[in-house]
Each structure stands twice: as structure tokens, then as C-alpha cells.
Amino acid sequence: MNNATFKALWVTETPAENSPPTKTVHDRIYQRTVIERNINDLPAGDLLIKVIYSSLNYKDALSAEGHKGVTRQYPHTPGIDAAGIVAQSNCTDFKEGQKVLVTGYDLGMNTAGGFAEYIRVPAAWVMKLPKNLSLQESMIYGTAGFTAALSIFKLQHSGLKPEQGEVLVTGATGGVGSIAVALLAKLGFSVIAATGKTQSHDFLRQLGAKEVIGRDTLQDKSKRPMLKGRWAGVLDTVGGNILATALKSTQYGGHISCCGLVASAEFSTSVFPFILRGINLLGVDSVEYPMTSRSRLWQLIANEWKIESLQQLMIECDLTTLNTTYIDKILQGQIQGRVVVKPY
Ligand code: NDP
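Rules used throughout
Residues numbered from 1 in each chain as written. Predicted model: local features only at pLDDT ≥ 70, side-chain atom pairs only at ≥ 80, totals over all residues. Heavy atoms only, no water. Domains from an automatic or database assignment. Contact = heavy atoms within 4.5 Å. Buried area = accessible area lost by both parts, 1.4 Å probe. Salt bridge = Lys/Arg side-chain N within 4 Å of Asp/Glu carboxyl O. Polar contact = N/O pair within 3.5 Å; in protein donor to acceptor, adjacent residues only side chain to side chain. Pairing = 2+ DSSP bridges. Helix = DSSP H or I, 4+ residues; strand = E, 2+ residues; numbered from the N terminus. Axes fitted to C-alpha atoms, helices over the stretch in contact; angles between N-to-C directions. Patch = residues over 30% accessible without salt bridge, like charges linked within 9 Å, V, L, I, M, F, W, Y side chains within 5 Å. Areas by Shrake-Rupley, 256 points an atom, 1.4 Å probe, with all protein chains shown as cover. Phe/Tyr/Trp six-rings, centres within 6.5 Å; stacked < 30°, edge-to-face > 60°. Lys NZ or Arg CZ within 6 Å of the ring centre and 35° of its normal. Core = buried A, V, L, I, M, F, W, Y, C linked by side-chain atoms within 4.5 Å. Buried < 20%, exposed > 50% of the residue type's maximum accessible area, 1.4 Å probe, protein only. Near = heavy atom within 4 Å. Nonpolar A, V, L, I, M, F, W, Y, C, P; charged D, E, K, R; others polar.

Visitor: Please explain the domain arrangement of the chain as it appears in this structure.
Guide: As a measure of interface size, the accessible area lost when the parts come together is often cited. Each assigned domain of the chain is listed here: domain 1 (5-129 + 310-341) and domain 2 (143-283). If you average the C-alpha positions of domain 1 and of domain 2, the two centres end up 29 Å apart. Contact with domain 1, which involves 14 residues of that partner, is made by 14 residues of domain 2. Buried area between domain 1 and domain 2, both sides added, is near 1100 Å², and the carbon and sulfur share of it is 56%. At the junction of domain 1 and domain 2, the tally comes to zero salt bridges. The tally of links from domain 1 across to domain 2 stands at six residue pairs in polar contact (both at pLDDT 80 or more).

Visitor: Looking at this structure, how should I read the sheet that holds strand S14 (residues 280-283)?
Guide: Remark on secondary structure: sheet strands pair via backbone hydrogen bonds, oriented parallel or antiparallel. The strand order across the open sheet formed by six strands is S11-S10-S9-S12-S13-S14, and the pairing between neighbours is parallel. Here the strands that pair on one side only, and so sit at the sheet edges, are strand S11 (211-214) and S14. The mean inter-strand angle of the sheet, taken between neighbouring strand axes irrespective of direction, is 20 degrees. Direction of pairing for strand S9 (residues 166-169) relative to strand S12 (residues 231-236): parallel, over a ladder of three bridges. Note that in S12 the partner of Val-169 across the bridge is Leu-235. This element, helix H5 (residues 240-248), spans S9, S12 and strand S13 (250-258) of the sheet and lies at about 155 degrees to S13.

Visitor: Which parts of the structure should I look at to understand the environment of Leu-129?
Guide: With respect to the helices and strands, Leu-129 occurs in the loop between strand S8 (126-128) and helix H2 (135-158). With 173 residues separating them along the chain, Leu-129 and Ala-302 place their C-alpha atoms 9.5 Å apart.

Visitor: Mind showing me how you'd approach a nonpolar patch on the surface here?
Guide: A cluster of nonpolar side chains, Val-271, Phe-272, Ile-275 and Leu-276, forms an exposed patch at the surface whose accessible area comes to about 380 Å². Among the secondary structure elements, Val-271 is positioned in the loop between S13 and helix H6 (272-275).

Visitor: What exactly am I supposed to notice about the packing of aromatic side chains here?
Guide: What describes a pair of aromatic rings is the distance from one ring centre to the other and the angle between the planes of the rings. Applying the stated rule across the entire model yields six aromatic pairs. Here the aromatic residues Tyr-141, Phe-146, Tyr-289 and Trp-298 are joined through ring pairs into a cluster of three or more. The ring of Tyr-344 is capped by Lys-50, whose NZ or CZ atom sits 5.3 Å from the centre of that ring. Lys-128 extends its terminal NZ or CZ atom over the ring of Phe-94, reaching a point 5.6 Å from the ring centre.

Visitor: So what exactly am I meant to see when it comes to the side chain of Thr-71 here?
Guide: Relative to the helices and strands, Thr-71 resides in the loop between helix H1 (58-64) and strand S5 (81-89). Engagement of the side chain of Thr-71 in a polar contact is seen with the backbone oxygen of Met-109, the distance being 2.8 Å. Apart from residues lying up to four places away in sequence, Thr-71 is in contact with Ser-63, His-76, Gly-108, Met-109 and Asn-110.

Visitor: Got a minute to help me understand the nonpolar core in this structure?
Guide: One broad rule of soluble globular proteins: the nonpolar side chains tend to lie buried together. In terms of nonpolar packing, the biggest core is built from 52 residues, with Tyr-141, Val-169, Val-181, Leu-184, Leu-204, Leu-235 and Trp-298 touching the most fellow members. Residue assignment for this core shows that the elements contributing at least two residues are strand S4 (47-56), H2, S9, helix H3 (175-186), strand S10 (190-195), helix H4 (201-207), S12 and helix H7 (291-302). When residues of this core are assigned to their parent elements, the largest contribution, eleven residues, is made by H2. In terms of domain composition, this core takes at least three residues from each of domain 1 (5-129 + 310-341) and domain 2 (143-283). What Leu-235 contacts, discounting residues up to four positions off in sequence, is Ala-148, Ser-151, Ile-152, Leu-155, Leu-168, Val-169, Thr-170, Val-176, Ala-180, Leu-184 and Ser-257. Core analysis: the second largest hydrophobic core is formed by 17 residues, Leu-319, Tyr-326, Ile-327 and Ile-330 among them.

Visitor: Even after reading the chapter, I still don't get the site of the ligand, so can you show me in this structure?
Guide: Close to the ligand lie 27 residues; Thr-173, Val-176, Thr-195, Val-284 and Ser-286 are nearest. Here an oxygen atom of the ligand sits 2.9 Å away from a polar atom, N or O, in the side chain of Lys-197. With respect to the ligand, the backbone of Ser-286 contributes an N or O atom lying 2.7 Å from an oxygen atom. When isolated, the ligand has an accessible area of 920 Å², and the protein chains bury 87% of it. For the shell around the ligand, the secondary-structure elements that each account for two or more residues are H2 and H3. Here the shell around the ligand is built from residues that sort into twelve nonpolar, twelve polar and three charged.

Visitor: What am I meant to see in the pattern of salt bridges here?
Guide: Where charged atoms from two side chains of opposite charge approach closely, those side chains can pair. A complete count under the given rule lists twelve salt bridges for this structure. Where Lys-248 meets Asp-220, a salt bridge forms, and the shortest distance between an N and an O atom there is 2.7 Å. Here Lys-248, found in helix H5, pairs with Asp-220, found in the loop between S11 and S12; they are 28 residues apart in sequence, far enough to count as distant. Linked through salt bridges whose partners overlap, the residues forming this network are Glu-166, Lys-210, Glu-211 and Arg-230.

Rendered as C-alpha cells:
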């Protein structure tokens, strides 16, 4: 087993002057290919896991493109999510043959990730697959779905209730956004989905959105510190001026969660929404979220919060199509729903 080879997506980095430029970041060229690796070359860890499914997240595409804020060292295999079967275990908590799930921590960042047939990781990053969730379903959720659930969990804990009014979801057709729309609708919220994709309005209505609006309607350019308060809650996945506009348009006592930066990592605001309307702005981090709370939330996702429309949210692909098609598409904001990756 230890000498066996396996398939993996492999991202290499070379100085720009040494090869013909394709994709360059900071004078470096990043190239991707599917290669055969040796299991002995995986990092040390308690558990060797055969990956049955992984999934594509925005962060994976950043890693695959040489974004040093995500991955410092190349060559590297991205993939922040993996669901599979324990192939070797050095600890008593997990047995060979057990179905497990890994999302977040350092997987796919600076530890070889789930876009491969095998990963080796510390046991502290690994969860037993919750009952009532298949390996494939766990990756339809993946980090994006977990982040949607965590955002909703935090909004509810902040006090958001369905009877308070409409909840806006931005980046609604994306991974986090689409699962957020479906989950909020399941929990009885009145969901307004904001999207840049005119062709995806029916998709969002089928997931449970009451109304679909164009993302261009959330681009306030006035210098006004506040606008008419419409939203009881906002689940923002994009940041930038869309977050700033949503903040200005949130009702008195409203709640906003913030997890993403596809529009921009920066946004500008005055203090007025906070000091005159008492708005609660909630940060969401799925990476270091503690394991005990993480397991509890996954139990909720697999049971009371399980979405009926999961299969409708998913496209499945192999490593080659991931490499040639979907990594570029997610960077261009063109994915609808979730891409589940079958690495073998
Ligand atoms: P996706 O690419 O799947 O979705 C992002 C969506 O945002 C797109 O589909 C598009 O939706 C919209 N969008 C794309 N570009 C722009 C733009 N320039 N301006 C406004 N909207 C845009 O990504 P994910 O859902 O996987 O991730 C969303 C964000 O959340 C990312 O920034 C990611 O890094 C972050 N994230 C953070 C986590 C955390 O723990 N904090 C965990 C997981 C993700 P549409 O066309 O419908 O508008």
C-alpha cells in the first residue's frame, strides 16, 4: 500500500523567465496537471484516507492559481474538502473501513488536499461521517454548505427569526449562496436571492427564493450613510460594495453575516448603521471552527436541516474536467451550485 501510486491534481510554480508565460502571479507561473504520485510522498499524519469524493470551493481555485494567501508552498495539490474511507489508521478513534469527512483546517492549503485519490491527515481534522448523509451528499455540502449552515446558525443566535422579514442572500447561485437559499427557505425564512446570472432565476426560485433580484441593484454609489431599511437579515458571500449597500439597507436591529470576498475583500461603511440602527455584523470562519461545535452543526445539516433539493444543486466531474473547466469557471463566478469531484 505505502508504495502504491495514486492520481492527484498537481500545481507547479516556476519563475516566469524560465518558461513561456501562461498564468503568472508575482512573476511566477502556475501550471496544473493530473499526475501519478506515490503514497509515501504524502505528509505524515494519523490517517490515510481513500478519497471517494471531494468538492470545488472558491478557495481551491485560488490555491490552484498560485494565491499565496491560501497556499505558500508549491508544488501542491489543492482541495479543502474530502470524504472517503479510512485506509490506514494510527489511532484508536478511527478504524480502517470507516467513512469519514474532512473539511477545513489546513487540508488543501499547505497540506496536500482532496483533489487526489488519497490524503494523509491528523486525526484531529477528521469527523466520522454523520448518519443520514452519504459521502456524496457530504461533498455536495462541503465547506461551502457548512459555511452556509454556520452563517445561518450565527444569524439565528444573533436573534434573526422568520417573522422579522426578508433575508437577502448575495452571490446566490454560488456554492455558499445556493445552499443558503435552500436552507433558509427550509427553515421558513422569506429569502430574496441576489444574483448576476439572469439565466439562473428559475434555479433560485426552485431552491426556495421568494424573489430574485439582480446584483446590480445592490450597488449604491450615493454617499448616504443609510438607505431605506428592507432586510431583516443578510447572508453575504461577496463583500465589497454589495455588502456595504446591504448594510445600509438593513432594518433596525437587523443581522448580517459576512463570509466571502469574491467582489472585494474591502468595503466602506460609516458607523451609522451600527449606532443608529443597532445592526449586528457577524464574521463567519469555517476553517478553524472547533471540532465539537463542528460535529454538532454537521449533525444538524444531516438531519433537521437536510435539504431535499441536494442533487439538483450538483454537477459531478473527474480530476481532468475539474482542471480543464471548473477551476477557471469558479474564478469567473460562473458556477451554479456545487461541483462534486470524483478523483478516481
Ligand atoms: P462561488 O464562486 O461558488 O460563488 C460566488 C458567487 O458570487 C458567484 O457564483 C456569483 O454568484 C457571485 N459573484 C462572483 N463574482 C462576483 C463579483 N465580482 N461581484 C459580485 N458577486 C460575484 O464561491 P463560494 O460560494 O464557494 O464562496 C463564496 C465566498 O465565500 C468566497 O469568497 C469564499 O472564499 C468564501 N468562503 C468563506 C468561508 C469562510 O469560512 N469564511 C468558507 C467558504 C467560502 P451570482 O452570479 O449568483 O451573483
